[in-house]
Amino acid sequence: ISDFLKIYDRRVELVESVVYMQCVAISIEKHFNQKRSQALAAWEKKTDITTAINIATRKKIPALVAELQAKMAALNPPNVSHTTVIETKDDHLASKALKAELKELSSRAYLRARESSVEYVIELMTMWSRYEEVSSIQELQDIGRVLDEVEKSLRDDDIPYYLRRHEI
């Protein structure tokens, strides 16, 4: 039984690792999705501010230009560019591919475990039934020996005494 319990423990670890793989894949994809969204939002904001600075410069409004340049300097991340947006998009797409591969890998591991689980249950039930059969046979033999001893210890003239005493 200890071998079966060890196998069961490994199966629990396998299921935990399958779930963990899927959680890691989801977390990675989510992280790169957020990075992509942040880079795109920053790029759009930078583009909008740059356009506004160009318009304010053409209309000769230096106060507005200075205010917009201060906003541009405060952008987070400060070095965002079109290349940054493309790189974060590529990273996000790569993370989606990784997520799909990890999901496929974990699914295959889970299916292998599921297929073997029925075999282990059948084997465990067979082992248990053999144990019960052997135990029952042993108990029957023990009862037979006890009855033989009781029969040997009783004399023929003791039987009426015991019958009267116990009113059988």
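Just above, that's the structure.
Residues numbered from 1 in each chain as written. Predicted model: local features only at pLDDT ≥ 70, side-chain atom pairs only at ≥ 80, totals over all residues. Heavy atoms only, no water.

**Student:** Looking at this structure, I do not really get the overall build of the chain. What am I missing?
**Tutor:** Summing up its helical and strand segments, the chain has four helices and zero strands in all. Over its C-alpha trace the chain gives a radius of gyration of 40 Å, far above what one expects of a compact globule, namely 15 Å for 168 residues. Expressed as a percentage of its 168 residues, the buried residues of the chain come to 16%. Considering only contacts within the chain whose residues lie at least 6 apart along the sequence, 80% involve residues at least 24 apart. Looking at the chain as shown, the accessible area adds up to about 13400 Å², and 59% of this sits on carbon and sulfur atoms. Measuring between centres, the 25 positive side-chain charges of the chain sit 19 Å from its 27 negative side-chain charges. (Helix = DSSP H or I, 4+ residues; strand = E, 2+ residues; numbered from the N terminus. Rg over C-alpha atoms; globule rule 2.2 N^0.38 Å. Buried < 20%, exposed > 50% of the residue type's maximum accessible area, 1.4 Å probe, protein only. Contact = heavy atoms within 4.5 Å. Areas by Shrake-Rupley, 256 points an atom, 1.4 Å probe, with all protein chains shown as cover. Lys, Arg positive; Asp, Glu negative; His and termini not counted. Charge placed at Lys NZ, Arg CZ, Asp CG, Glu CD.)

**Student:** Please explain the packing of helix α1 (residues 2-58) against helix α2 (residues 62-73) as it appears in this structure.
**Tutor:** To describe two helices that pack against each other, one gives the angle between their axes and the distance between the axes. Packing of α1 against α2 brings their axes to within 9 Å, and their N-to-C directions diverge by 160°. Compared by their axis directions, α1 and α2 come out roughly antiparallel. Classified by chirality, the crossing of α2 by α1 is left-handed. For the pair formed by α1 and α2, the contact residues are Lys 46, Ile 49, Thr 50, Ala 52, Ile 53, Ala 56 and Thr 57 on the first element and Leu 64, Val 65, Leu 68, Gln 69, Lys 71 and Met 72 on the second. For the contact of α1 with α2, the class distribution of residues is eight nonpolar, three polar and two charged. (Axes fitted to C-alpha atoms, helices over the stretch in contact; angles between N-to-C directions. Parallel < 35°, antiparallel > 145°, perpendicular 65-115°, else oblique. Left-handed = near helix turned anticlockwise from the far one by under 90°. Nonpolar A, V, L, I, M, F, W, Y, C, P; charged D, E, K, R; others polar.)

**Student:** How should the pattern of salt bridges be read in this particular structure?
**Tutor:** Think of it this way: side chains of opposite charge can pair up when their charged atoms draw near. For the structure shown, the criterion picks out two salt bridges. A salt bridge links Glu 104 to Arg 108; the shortest N-O distance between them is 3.7 Å. Of the two residues, Glu 104 and Arg 108 both sit in helix α3 (residues 82-153), four residues apart, roughly one turn of that helix. What makes Glu 104 partly exposed here is its relative accessible area of 44%. (Salt bridge = Lys/Arg side-chain N within 4 Å of Asp/Glu carboxyl O.)

**Student:** What's the story with unusual backbone geometry in this structure? I'm lost.
**Tutor:** In this structure, Lys 60 takes a positive phi of about 60° despite not being glycine. Along the chain, Lys 60 falls in the loop between α1 and α2. The exposure class assigned to Lys 60 is exposed, which follows from its relative accessible area of 70%.

**Student:** Help me understand the nonpolar core, please; the structure alone is not making it clear to me.
**Tutor:** The tendency in soluble globular proteins is for nonpolar side chains to be buried as a group. Counting seven residues, the largest nonpolar core consists of Ile 49, Ile 53, Ala 56, Val 65, Leu 68, Met 72 and Leu 75. When residues of this core are traced back to their parent elements, those giving at least two are α1 and α2. Excluding residues that lie within four positions of it along the chain, Leu 68 makes contacts with Ile 49, Ala 52 and Ile 53. (Core = buried A, V, L, I, M, F, W, Y, C linked by side-chain atoms within 4.5 Å.)

**Student:** Quick question: what am I supposed to make of α3 here?
**Tutor:** Working note: α-helix, 3.6 residues per turn, so residues spaced by three or four point in the same direction. The terminal C-alpha atoms of α3 lie 104 Å apart, and with 72 residues this matches the ideal 106 Å at 1.5 Å per residue to within 8%. Taken together, the buried positions of α3 are Val 85, Thr 88, His 92, Ser 95, Leu 102, Ser 106, Ala 109, Ala 113, Ser 117 and Ser 135. Here the buried face of α3 lies against α1. (Expected span 1.5 Å × (residues − 1).)

Distances and angles like these do not, on their own, reveal function.
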